[in-house]
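# Topology and contacts: notes
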Amino acid sequence: MHVDQILVGASPGDAVTESALCIRDALRGAVQSDVYALHIDERLRGYVGRIQDYPLPEHRSASDVIIYHVSIGDPRMLDFVRHRGERAFVVYHNITPSSFFRRLDPPFADLLEQGRRLLPLVIDRAEAVFADSAFNAQELAALGRNDVIVCPPPLHLRRLLDVVPDHELVAQLPVAVPAKMAMFVGQMLPHKRPDFLIGAHHLLVANAFADARLVLAGAARNPRFAQGIRRLIAATNLETVWFTGELHDAQLAAFFRRADVFVTASEHEGFCVPIVEAFHFGVPVVARGFGAIPETAGDAAIVLPPDATARDFAEATRRMLVDADLHREMSERGRRRAEQFDADRITAQMLSGIKAAIAKPRALA
């Protein structure tokens, strides 16, 4: 039996890609399983196959399964799924609202809008639908799909604990970050709101910690937006903001081990992996309550309401840095919360859901 997964794009460090690879490795204990994508980062050649090379229908049977990971729109993927004879399951990772990109990157905004328009057709084709969070499941319920199986992404979120920190960076950090350090990890994109974090940090530096540092760690996926963030840093004359660009695991491990607080002002998340990574390191979290963030964080973070201002955020960060008892309590809560996302347990949960869906009689077309 074959249970394959398909993605629009595959790249290292991407949560959707890593989730698919984790599921594939687990499935291979019982069935034949591979991952295919339309767009593949060169670093994953040999690990992920091209969708163009997917076996022809005559080499698959009606009992085989295709699992489609949905995180962006592409009509070619829908056409592929709809014209195959295998059973189709969907894993929904959420689609970022196009409004965040409309002025910055109209073609990308069009893809996101297309994904939203195609989503009802995608889930209508699927016999089983999984979602990373209840927040994602609610979106699908609004489209009439009320049988969604909620399962966090099966990722090795504690892997950075086992990574040897980058020696050069470890040696550099005491000089580059001599005092308190707030850290954000994520792609530098509009909905992540690094501009909000910079504004809050400006207030923190002006009113509480003159020598505090803000580390913005993540790939600059949109050069125009990244340049705008750099201009904002320059305009505010903040020499205490470190925009690192994309980091490898050893560098991330070094930063997490040094961080005093993890901060995120993101306005759209279907799960938010870096929050759980911070929990594993015992780094307390300050966030805003958008999307699935309250669900992922539970009671282990300071989660401000969506209408919280930069001043509110700066004050919450200050409290986390000056109140040793609060810092200790949230650190302990975070470590306990991280245990809820144990990779082996979540993977077993996902496999159980897939097996249960396979065991059901195939729905008539």
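Bear in mind that the values here come from a model prediction, so they are computed numbers and not experimental data. (Residues numbered from 1 in each chain as written. Predicted model: local features only at pLDDT ≥ 70, side-chain atom pairs only at ≥ 80, totals over all residues. Heavy atoms only, no water.)

A count of helices and strands for the protein chain gives 13 helices and 13 strands. The C-alpha radius of gyration computed for the protein chain amounts to 21 Å, which stays within 12% of the reference 21 Å derived for 365 residues, consistent with globular compactness. In terms of overall dimensions, the protein chain has a C-alpha envelope of 65 × 40 × 40 Å along the principal axes. Long-range contacts, defined here as pairs at least 24 residues apart, represent 71% of the contacts in the protein chain between residues at least 6 apart. If you sum the accessible surface of the protein chain, you get close to 16,100 Å²; carbon and sulfur atoms cover 52% of it. (Helix = DSSP H or I, 4+ residues; strand = E, 2+ residues; numbered from the N terminus. Rg over C-alpha atoms; globule rule 2.2 N^0.38 Å. Contact = heavy atoms within 4.5 Å. Areas by Shrake-Rupley, 256 points an atom, 1.4 Å probe, with all protein chains shown as cover.)

Relative to the elements of secondary structure, glutamine 138 occurs in helix H4 (residues 134–141). Judged by its relative accessible area of 54%, glutamine 138 is exposed. Sequence separation between glutamine 138 and arginine 116 is 22 residues, and the spatial gap between their C-alpha atoms is 14 Å. (Buried < 20%, exposed > 50% of the residue type's maximum accessible area, 1.4 Å probe, protein only.)

All chains considered together, the criterion is met by 25 salt bridges. Of the charged contacts, one joins glutamate 86 and arginine 84 as a salt bridge, the two residues approaching to 2.7 Å between their closest N and O atoms. Note on glutamate 86: relative accessible area 2%, which makes it buried. Taking relative accessible area as the criterion, arginine 84 reaches 10% and is therefore assigned buried. Where aspartate 110 meets arginine 102, a salt bridge forms, and the shortest distance between an N and an O atom there is 3.0 Å. Since its relative accessible area comes to 40%, aspartate 110 is described here as partly exposed. (Salt bridge = Lys/Arg side-chain N within 4 Å of Asp/Glu carboxyl O.)

Next up on the list: the nonpolar core. One finds Ile6, Tyr68, Leu216 and Val263 to be the most contacted residues of the largest nonpolar core, which totals 66 residues. Beyond its immediate chain neighbours, meaning those up to four positions away, valine 263 contacts Ala182, Met183, Phe184, Leu197, Leu214, Val286, Phe313 and Thr317. In this structure, Leu155, Leu169, Leu173 and Ala287 belong to the second largest nonpolar core, which totals 35 residues. (Core = buried A, V, L, I, M, F, W, Y, C linked by side-chain atoms within 4.5 Å.)

Moving on, we come to the sheet that holds strand S5 (residues 87–92). Pairing in this open sheet of 7 strands is parallel, and the strands run S3-S2-S1-S4-S5-S6-S7 from one edge to the other. Strands at the two margins of the open sheet, each flanked by one partner only, are strand S3 (49–50) and strand S7 (149–150). With respect to the sheet, helix H3 (residues 106–125) is in contact with strand S4 (65–70), S5 and strand S6 (128–131), its orientation differing from that of S5 by roughly 135°. Across the sheet, helix H13 (residues 343–359) lies against strand S1 (3–10), S4, S5, S6 and S7, angled at about 150° from S5, the strand it touches most. (Pairing = 2+ DSSP bridges. Axes fitted to C-alpha atoms, helices over the stretch in contact; angles between N-to-C directions.)

This paragraph deals with the sheet that holds strand S12 (residues 285–288). Here 6 strands make up an open sheet; going across it, the order is S10-S9-S8-S11-S12-S13 and the pairing parallel. Two strands in the sheet have a free side with no partner beyond their single neighbour: strand S10 (241–245) and strand S13 (302–304). Neighbour to neighbour, the strand axes of the sheet diverge by 20° on average, direction disregarded.

A few words now on the packing of aromatic side chains. Considering all chains together, one arrives at 8 aromatic pairs under this definition. On the basis of an interplanar angle of 80° and a centroid distance of 4.8 Å, the ring pair of phenylalanine 101 and phenylalanine 108 is categorised as edge-to-face. A relative accessible area of 2% places phenylalanine 101 in the buried class. (Phe/Tyr/Trp six-rings, centres within 6.5 Å; stacked < 30°, edge-to-face > 60°.)

Another point: the packing of helix H2 (residues 75–82) against H3. Packing of H2 against H3 brings their axes to within 10 Å, and their N-to-C directions diverge by 10°. Comparing the axis directions of H2 and H3 gives the class roughly parallel. Residue-level inspection shows Pro75, Leu78, Val81 and Arg82 of H2 in contact with H3, the latter providing Gln114, Leu118, Leu121, Val122 and Arg125. Considered class by class, the residues forming the contact of H2 with H3 number 6 nonpolar, 1 polar and 2 charged. (Parallel < 35°, antiparallel > 145°, perpendicular 65-115°, else oblique. Nonpolar A, V, L, I, M, F, W, Y, C, P; charged D, E, K, R; others polar.)

For the rest of this paragraph, the subject is helix H1 (residues 15–27). Between its first and last C-alpha atoms H1 spans 18 Å; for 13 residues at 1.5 Å apiece the expected length is 18 Å, and the two agree. Buried within H1 we find Val16, Thr17, Ser19, Ala20, Leu21, Cys22, Ile23, Arg24 and Leu27. Tucked into the core, H1 has its buried residues touching S1, strand S2 (35–40), S4 and H13. (Expected span 1.5 Å × (residues − 1).)

We now examine the pairing of strand S9 (residues 213–217). Side-chain positions along a regular strand alternate between the two faces of the sheet. With respect to burial, S9 is a largely interior element, 5 of its 5 residues being buried. The alternating pattern of S9 places Arg213, Val215 and Ala217 and Leu214 and Leu216 on opposite faces, both of which are buried. Pairing of strand S8 (residues 181–185) with S9, which is carried by 5 bridges, proceeds in the parallel orientation. Bridge pairing links alanine 182 to leucine 214 in S9. Assessed by its sense of winding, the connection that carries the chain from S8 through helix H6 (residues 194–207) to S9 is right-handed. Bridge count between S9 and S10: 4 bridges; the pairing is parallel. Directly across from leucine 214, in S10, lies its bridge partner valine 241. (Right-handed = clockwise from strand over helix to strand, strands pointing away.)

Keep in mind these values describe shape, not function.
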